[in-house]
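So the chains spell out like this:
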Amino acid sequence: MLALLGLAMVVVFTYMIMSKRMSPIVALTFIPIVFAIAGGFGDSTGKMILDGLKMVAPSAALLLFAILFFGLMIDTGLFDPLIRVILHKVNGDPVKIAVGTALLSLTVALDGDGTTTYMITCAAMLPLYRRIGMNPMILATVSMLSLSIMSGMTPWGGPATRAIAALGLDASDYFIPLLPTMAAGAACVVLIAYMLGSKERARIGNTELQTGGGECYIKEILGDQPYKRPRFVWINLLLVVAVMTALVMGLAHAAVLFLIGFVVALMINYPQLDIQKERILAHSGNAMTVVLLVFAAGVFAGIFSGTKMVDALAQSIVDMIPPSWGHLFPMVVAITSMPLTFVLSNDAYYFGVVPILAKAAAAYGISPLEIARASILGQPVHLMSPLVASTLLLVGMVDKDIGDFQKATVKWAVLLSLAITFVAVITGAISFLV
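Please read these numbers as outputs of a predicted model, since none were measured by experiment.

As a further point, take the pattern of salt bridges. The full count for this structure, using the stated rule, is five salt bridges. A salt bridge links K47 to D51; the nearest nitrogen and oxygen atoms lie 3.0 Å apart. Within this pair, K47 and its partner D51 are both found in helix α3 (residues 45-76), separated by four residues, close to a single helical turn. With its nearest N and O atoms 2.9 Å apart, the salt bridge here joins D75 to R279. Of this pair, D75 sits in helix α3 while R279 sits in helix α14 (residues 273-306), placing them 204 residues apart in sequence. Side by side, D75 and R279 carry an identical accessibility label, which is buried. Salt bridges here are not isolated pairs; linked through shared partners, they connect D75, E278 and R279.

Printed below as a string of structure tokens:
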């Protein structure tokens, strides 16, 4: 009975957000409460919700301060020197432009936000693509693949945040074993960019830009905003390196590190109180939306586990799987995450499906950390989906049809997902026991 109730809750939740009859925040909160009451758990629903909120509170704090920290770094112009160098170096060579696009988008995508990544990358590179007649679909493909690696795997990116919140994991335990996979994924993106650029160079050749590669063109792209702080670029870079190093070394909880980094960056770059308020407000919309989503996920996870629905569903799955197949569970999750995240939104997949998979995997002695890592390996394919709002933005910016975009990117997205799955297995991020 509990298994059927849990399955019905997941189906209703998925339908409501996929049909856009409810927002993810409303669906994550309202639907589990209704099913908890319907299942006779009304007297303990409040406690289950509170337990769920406590479980996701560290993840919510991490997201809040990570988004504010990287948003502030973009405001200060920390990445402007990289953009300037890339524009100087690539000139009119399609190969260099494609590789430069990869390097830029991989760097900018560290903030975990697809909208920011696409806007900065397209603003910097699209005029160059158009000037030399280069196919802007290459820009879209490389940017999307870059985002799938950097935002898809980092604990402050959307997919990982949902997986961590849904399973109540520690962000550092999840992330550090994935670093080799993330590095290999970034290298694969650069390689794909090189291959696409080589094909384009064979088509249109090299172009020597007399004025397009000059300083005036670069200034036009970068702009001159009053909140940029070029004199502090090295200090800001050292601050980012220090925060990321401390994160990898596990010196403190990730939320604490990003909180300290954000506060220090705010004091250094914007000591005036009115500008501090302005910069915080500029990024608070994105940050608050994500934080609210995480807390809503806590409500869903708290009720899902507190009522034992997830245990009942997981046991049903275990009963259907031959014991000899148990060692394949992480690989199954990694492979199936490609089609599942394409047809499901991240909310539906990570809050509705992943907890069930993690509970079933536990019956075979597989850690939920491995299931969380495996579940994000299909993100290159997920980002092709028309369900992803930032993808629609990207397609619009390069003035292409979503169908054409999917045809151009599907091969590379699948290959990238398979490549990072292979690296995750050989580096031990997910197991493949025999």
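Text resumes after the structure shown.
In this structure, F69, M125, M144, Y174, F258 and I371 are the most contacted members of the largest nonpolar core, which totals 112 residues. No other element matches α3, which puts 13 residues into this core. With sequence-adjacent residues up to four places away left out, F258 is seen in contact with L62, F65, A66, F69, F70, W156, V243, M244 and L247. F13, M22, L28 and F351 belong to the second-largest nonpolar core, a separate cluster that totals 25 residues.

Further remarks concern the confidence of the model for the protein. Interpretation of this model should avoid reading the predicted coordinates in detail wherever pLDDT is low. Of the residues in the protein, 91% have a pLDDT of 70 or more, and the chain-wide mean is 82. The weakest mean pLDDT in the protein belongs to helix α11 (residues 215-222) at 54; the strongest belongs to helix α10 (residues 179-204) at 92. Confidence drops under a pLDDT of 50 for residues 211-216, and excluding neighbours within four residues, the segment shows 10 contacts in the predicted structure.

Once that is clear, we can look at a nonpolar patch on the surface. On the surface, I335, V410, V414 and L418 cluster together to form a nonpolar patch covering roughly 260 Å² of accessible area. With three residues, the top contributor of residues to the nonpolar patch is helix α21 (residues 402-426). Examined against the element boundaries, I335 turns out to sit in helix α16 (residues 329-343). A residue is classified by how much of its surface remains accessible, and I335, at 35% relative accessible area, is partly exposed.

As a further point, take the packing of aromatic side chains. Taken as a whole and judged by the stated rule, the model has three aromatic pairs. Ring centres of Y349 and Y350 lie 4.9 Å apart, and the angle between their planes is 80 degrees; on these two criteria the pair is classed as edge-to-face. Neither residue differs from the other here; Y349 and Y350 are each classed as buried.

With that settled, the discussion passes to the packing of α3 against helix α13 (residues 254-269). Interaxial distance between α3 and α13 falls to 8 Å at its minimum, and their mutual angle equals 30 degrees. With respect to α13, the element α3 is oriented roughly parallel. Note that α3 runs across α13; the crossing there is left-handed. Residue-level inspection shows P58, A61, L62, F65, A66, L68, F69, F70, L72, M73 and T76 of α3 in contact with α13, the latter providing A254, A255, F258, L259, G261, F262, A265, L266 and N269. Of the residues contributing to the contact of α3 with α13, the split by class is 17 nonpolar, three polar and no charged.

Take the environment of A419 next. Within the secondary structure, A419 is located in helix α21. When the C-alpha positions of A419 and I97 are compared, they lie 24 Å apart, and in sequence the two are 322 residues distant.

All right, on to unusual backbone geometry then. Phi at K308 is positive, roughly 70 degrees, even though this residue is not glycine. Along the chain, K308 falls in the loop between α14 and α15 (309-320). Under the relative-accessibility criterion, K308 is labelled partly exposed at 48%.

Reading the values: the criteria
- Residues numbered from 1 in each chain as written.
- Predicted model: local features only at pLDDT ≥ 70, side-chain atom pairs only at ≥ 80, totals over all residues.
- Heavy atoms only, no water.
- Salt bridge = Lys/Arg side-chain N within 4 Å of Asp/Glu carboxyl O.
- Helix = DSSP H or I, 4+ residues; strand = E, 2+ residues; numbered from the N terminus.
- Buried < 20%, exposed > 50% of the residue type's maximum accessible area, 1.4 Å probe, protein only.
- Core = buried A, V, L, I, M, F, W, Y, C linked by side-chain atoms within 4.5 Å.
- Contact = heavy atoms within 4.5 Å.
- pLDDT = per-residue confidence, 0-100.
- Patch = residues over 30% accessible without salt bridge, like charges linked within 9 Å, V, L, I, M, F, W, Y side chains within 5 Å.
- Areas by Shrake-Rupley, 256 points an atom, 1.4 Å probe, with all protein chains shown as cover.
- Phe/Tyr/Trp six-rings, centres within 6.5 Å; stacked < 30°, edge-to-face > 60°.
- Axes fitted to C-alpha atoms, helices over the stretch in contact; angles between N-to-C directions.
- Parallel < 35°, antiparallel > 145°, perpendicular 65-115°, else oblique.
- Left-handed = near helix turned anticlockwise from the far one by under 90°.
- Nonpolar A, V, L, I, M, F, W, Y, C, P; charged D, E, K, R; others polar.

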